[in-house]
Amino acid sequence: MPLKQYNSKADFDADYDLNGEPEGHPNTRPGIRLGYCRAVMLPVAQVRAAKLVEIFGWPTSTRIFIIGAGYAWTAEVLEQTYGYTNIVTSDTSPYIQSTQDQSDEAEINAAITAVGLNPASGEGATKKARLYSPGNRRRHSRSVRNEDLSNGGSRNRIKNVLGGVDVAISEDLIPAFSDAEVVQAAGWIDAIDTLDQVIHMVTEPGFGTGADPVFNWKTIEGWKALVPSHTFMSLNDWSVV
Amino acid sequence: MAVKQINTSHILPSGWAGPFIDAGSVYVLCLDGSNQPEVWKSGTDPLVDSWTQQDSANEPSLGTGNTYGAAYQLSDQIHMAFYDDTGPNAEYSVFRSASHGSANTWGTVNETIQGGITNAGWNFCLFAMRADGDRICLYNGTRERIMGNNFARVVYARWEGSSWVTDIAVSASGLEYSAEPYAIGRGASDKMHMVFWQSASNWYGYRALDNANTLSSYQIGGSDLTPGSTARSPVCTYFDSSGNEVIGHVLQLGTLGVYNQTWTNSGTVSTPIVASGHASPAYPMSAVYGKKVYAIWKDNTAGDIYYAISDDGAAFGSKTLLYDASGATTRISANVFTRGSNDVLAFVVTDGGDLYYDELVISAPAEIYPRNPILFQRAVERAAYW
């Protein structure tokens, strides 16, 4: 069982807390904070995608599989900004699976209400217009599959979507697993296809105190020692080993 | 040079604290033994006469106390921002100096800039002002979190006549952008130049805020820089001999030395210029005089204070002793102003736990006439008429 599971909104809220008003707010009220929402996480995904392209520079025909993809925002940017059209994604979080077709409007409304504004009028409506696209905007822009790769059937279903996989990427996934689980998962990924590259994007032990101690925090060098055949990319400073 | 002791058992805040001059009196912002802000004022001659604490009954109060604060002089007032760990808040206070109608008294104190800054991480509170009185505070906002890990974003707050708008992002979102405020200063056209260090990636970031409150694009200074001091020198700007405005920040890089990282207003990044001839520096400070940047620092080996000059963007010259310490020196704060008939590099140091003032004459009067020849001619004509 993973060290950290994202089964519910509460699980995400505990680990994602972002400034929803980078444009600022009056000092007479708190700023709007958002959890794992598109408005605050898409900018993060844009940087991740940009760094992947800058560092690895694959041809746009490359068949890419992203596991631990959340709502597939990084995949969305890779496709829409950089032209990578052959991407398949998976995330086994029950929360991701059950909410990916829903909008995050209610969550945004709640965050705006929490700071004393009305999302339907005045300043609250202005803030909402920036944080939320009108209409029934779903959280994902593509269907996120529910495959854990633990058996041949699961791996084949991923492989068959694109007729093969060239590059596999885990997106900030492995710190939620024990060493033994990571080694096992690495074997499952290797078994998907004859892969050109497997890249694990990982958050390293970072700034200050207060990082959730439940995670398996390692530097990318530490991860590399555990799975030498794979590539590890730091989400802290984009170094790669 | 004649060194003058200001007081005992006081230190300087982490940011720029003067000294400032108004109506011939010199002022310095400092902290008492409990890290509570005080303003001390010189007598007629700051190198001879006693310094006195001003309006002690109405000073700001900072909870349990810390040293994260900085000041800025605009006309007859010394404005300042501090991180108050009660709250915790970023707070603003103002002291009214000699030529103010309420001379030598505190005005507003402990005004909340932003309240409830939880887990900010680095608590540096830096401060500068536009010519029209707009106040800009650069600090860390409430800590953010991605995948269970924390990052600190540099934000600024501004006051434009009525109320504070706070928590305005300067550094970008994401772990790699975890950043610490390093310097702020005002340049031409009332631009506020903001410098910060991205801790995860060891990058030096820079953005300018124009007077319409538009932030310039994100500029990265030298990479693999690891500044290592609790002192924050202000941004120094000047126009070089080609007419380009140069924005510089003097910083300490570990034990490598003191550097002057520069940008231009177009965003071009220049290689840091080394203040050469020393190692093991600490407590960097800077001041600008014309096209000359004065880098000032403590030599950790000798314990004394040195300076070096970069003229018009050239490499720094050799170091010169500025202050011969008798005890353990820590932070330094410096400024350039005209006192009497001289332009001076004025500075305050903490030496053996006490504060001392001294100054270096950097220009004797070059002319005896008013700088504006038309006004001078009119003065001559009026004198002849009368």
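Up top is the structure these notes are about.
Residues numbered from 1 in each chain as written. Chains lettered and ligands numbered in written order. Predicted model: local features only at pLDDT ≥ 70, side-chain atom pairs only at ≥ 80, totals over all residues.

A. Region of the structure containing the sheet that holds strand β31 (residues 354-363) of chain B. All names here are of chain B. Strand order in the open sheet formed by 4 strands is β1-β31-β30-β29, with antiparallel pairing between adjacent strands. Each having just a single partner strand, β1 (4-7) and β29 (329-339) make up the two edges of the open sheet. Adjacent strand axes in the sheet meet at a mean angle of 30°, parallel and antiparallel pairs treated alike. When β1 meets β31, the two strands line up antiparallel, connected through 3 bridges. Across the sheet, Q5 pairs through a bridge with Y356, a residue of β31. (Pairing = 2+ DSSP bridges. Helix = DSSP H or I, 4+ residues; strand = E, 2+ residues; numbered from the N terminus. Axes fitted to C-alpha atoms, helices over the stretch in contact; angles between N-to-C directions.)

B. Summary view of the environment of T113(A). Residues and elements named next belong to chain A. Residue placement: T113 occurs in helix α5 (residues 105-114). Given 14 C-beta atoms within a 10 Å radius, T113 is considered partly exposed. Separated by 81 residues in sequence, T113 and I32 have C-alpha atoms that sit 8.9 Å apart. (Buried ≥ 20, exposed ≤ 12 C-beta atoms within 10 Å, placed from the backbone.)

C. Expanded view of the sheet that holds strand β8 (residues 231-234) of chain A. All names here are of chain A. A sheet is described by the order of its strands in space; here 5 strands give the open sequence β5-β4-β6-β7-β8, paired in parallel fashion. Whereas interior strands pair on both sides, the edge strands pair on one side only; in this sheet they are β5 (87-90) and β8. Pairwise comparison of adjacent strand axes, ignoring direction, gives a mean angle of 20° for this sheet. The pairing of strand β4 (residues 64-67) with β5 spans 4 bridges and is classified as parallel. Note on β5: the bridge partner recorded for F65 is V88.

D. Spatial organisation of the pairing of strand β27 (residues 305-311) of chain B. Residues and elements named next belong to chain B. Of all the 7 residues making up β27, 5 are buried; the element is thus mostly covered by neighbouring parts of the structure. As paired elements, strand β26 (residues 292-299) and β27 share 7 bridges and run antiparallel to each other. Bridge pairing in β27 links K298 to I305. Between β26 and β27, which pair antiparallel one after the other, the connecting turn spans 5 residues, and G303 there sits at a positive phi close to 85°. Bridging between β27 and strand β28 (residues 320-323) involves 3 bridges; their strand directions are antiparallel. Looking across to β28, one finds that Y307 is bridged to T320.

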